[in-house]
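# Coordinate analysis (summary)
Single-letter residue listing:
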Amino acid sequence: MNSLIKKIDELIEKQSLLKHPFYVMWSEGKLTIDSLNGYSKEYFQLVKAVPSFVGAIIQQSSNSVKSELESNQKEEAEHIKPWMKFSGALGVSEEELEKYNGLEKTRKAVSELSTLMNSFEGGAAAMYALEQEIPKISLSKIDGMRKFYDMTSDDAIEYFRLHAEADIRHAATWRRILEKIPSEKEDQLLQIASRSISAQNMLLDSCYEAYC
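Quick caveat: nothing in here was measured; it's all calculated off a predicted structure.

From N to C terminus, the protein includes 12 helices and 0 strands. For the protein, the α and β elements follow one another from N to C terminus as α-α-α-α-α-α-α-α-α-α-α-α. Taking 2.2 N^0.38 as the reference for a compact globule, 212 residues should give roughly 17 Å; the C-alpha atoms of the protein span a radius of gyration of 17 Å, in line with that estimate. Seen through its principal axes, the protein has C-alpha atoms that stretch 50 × 30 × 30 Å.

Quick look at the structure:
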């Protein structure tokens, strides 16, 4: 395995979102529906931003990967509606979701992620650190929703079912890009990946502090 990928994977494991108190409470059925309701509004700030993250990277990409990245971006844009359905299953209307701008810490987390997309290679590192663990997280969320919250409808779980599969492919795209990067850039990109993971944890901090 490429040493940069190995180091980023180790960082993801060390700072795994599944170890965050908010997701631990989810997997143990200890969140209230109100907590999940609040989470659905905060995390939507990231969901709707991801297509623009990928768009920023596309602008700096070579033609050899552009069509693949454009396909990924289209998929991410199509996943906004399933998130709205998940929120709807929790009682949050589309209108409420669209009008909501997020707590200060949520906005800071999304803004931090956005700043990491200012170069092709840096954006690839940040997005790999974002998407690599999402399939595992998505399956954990579905399991918790079915087991503890009686959320079994297609509307409730479609977003997570889609990401359990799509982000395996998306992470593989970023991995292929990172595997071609010269070793002298490793430290810089590892730092970017670390900032990506920290920002993701900050978003969950925002949810935990406000809704738990």
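Right, picking up where we left off after that structure.
Another aspect to go through is the side chain of E76. In this structure, E76 sits in helix α5 (residues 63–78). The buried charged residue E76 lacks any salt bridge, with R169 as its nearest oppositely charged partner at 8.7 Å. Excluding anything up to four places from it in sequence, E76 contacts V50, P51, E131, H163, D167 and H170.

The interhelical angle for the contact between helix α3 (residues 33–47) and helix α6 (residues 80–89), taken along N-to-C directions, is 175 degrees, at an axis separation of 10 Å. One finds that α3 runs roughly antiparallel with respect to α6. On the side of α3, the interface is formed by Y39, S40, Y43, F44 and V47, while α6 contributes I80, W83, M84, F86 and S87. Residue composition of the contact of α3 with α6, by class: 8 nonpolar, 2 polar and no charged.

Once their charged atoms are close, side chains differing in charge can pair, the charge on each being opposite to the other. Within this structure, the stated rule accounts for 16 salt bridges. The shortest N-O distance in the salt bridge between E75 and R169 comes to 2.6 Å. In this pair, E75 sits in helix α5 while R169 sits in helix α11 (residues 154–179), placing the two residues 94 residues apart along the sequence. Judged by relative accessible area, E75 falls into the buried class, the value being 17%. Among the salt bridges present, the one from E95 reaches K99, with a minimum N-O distance of 3.0 Å. Of this pair, E95 and K99 both sit in helix α7 (residues 94–99), 4 residues apart, which is roughly one turn of that helix. Both residues of the pair, E95 and K99, count as exposed. Here the salt bridges share partners, and the residues they tie into one network are E75, E165 and R169.

Attention shifts here to the nonpolar core. In terms of nonpolar packing, the biggest core is built from 67 residues, with W26, Y39, Y43, W83 and L178 touching the most fellow members. Element by element, the count of residues in this core is highest for helix α12 (residues 186–211), at 9 residues. Excluding anything up to four places from it in sequence, W26 contacts L31, L36, Y39, F86, K141, G144, M145, F148, Y149 and F160.

This part takes up helix α9 (residues 120–131). Taking 1.5 Å per residue, 12 residues should reach 16 Å; α9 reaches 16 Å between its end C-alpha atoms and fits that length. Across the 12 residues that make up α9, a large majority, 11, are buried. When α9 is considered as a whole, its buried residues turn out to be F120, G122, G123, A124, A125, A126, M127, Y128, A129, L130 and E131. Its side-chain oxygen at 3.0 Å from the backbone nitrogen of G122, S119 defines the N-terminal cap of α9.

Looking now at the environment of A109. Along the chain, A109 turns up in helix α8 (residues 104–115). The sequence separation of A109 and S194 amounts to 85 residues, and the corresponding C-alpha distance is 13 Å. Not counting residues within four places of it along the chain, the set of residues in contact with A109 comprises A199, M202 and L203.

This part is about unusual backbone geometry. Look at D150: it is not a glycine, yet its phi comes out positive at around 50 degrees. With respect to the helices, strands and loops of the structure, D150 is situated in the loop between α10 (134–148) and α11. Overall, the relative accessible area of 67% leaves D150 in the exposed class.

This next bit is on the packing of helix α1 (residues 3–14) against α12. Look at α1 against α12: their axes get within 10 Å of each other, and the N-to-C directions meet at 25 degrees. With respect to each other, α1 and α12 are oriented roughly parallel. The element α1 and its partner α12 pack so that their crossing is right-handed. On α12, the residues that touch S3, L4, K7, I8, L11 and I12 of α1 are E186, L189, L190, A193, S194 and I197. Of the residues belonging to the contact of α1 with α12, the class tally is 8 nonpolar, 2 polar and 2 charged.

The rules we used
- Residues numbered from 1 in each chain as written.
- Predicted model: local features only at pLDDT ≥ 70, side-chain atom pairs only at ≥ 80, totals over all residues.
- Heavy atoms only, no water.
- Helix = DSSP H or I, 4+ residues; strand = E, 2+ residues; numbered from the N terminus.
- Rg over C-alpha atoms; globule rule 2.2 N^0.38 Å.
- Buried < 20%, exposed > 50% of the residue type's maximum accessible area, 1.4 Å probe, protein only.
- Lys, Arg positive; Asp, Glu negative; His and termini not counted.
- Salt bridge = Lys/Arg side-chain N within 4 Å of Asp/Glu carboxyl O.
- Contact = heavy atoms within 4.5 Å.
- Axes fitted to C-alpha atoms, helices over the stretch in contact; angles between N-to-C directions.
- Parallel < 35°, antiparallel > 145°, perpendicular 65-115°, else oblique.
- Nonpolar A, V, L, I, M, F, W, Y, C, P; charged D, E, K, R; others polar.
- Core = buried A, V, L, I, M, F, W, Y, C linked by side-chain atoms within 4.5 Å.
- Expected span 1.5 Å × (residues − 1).
- Polar contact = N/O pair within 3.5 Å; in protein donor to acceptor, adjacent residues only side chain to side chain.
- Left-handed = near helix turned anticlockwise from the far one by under 90°.

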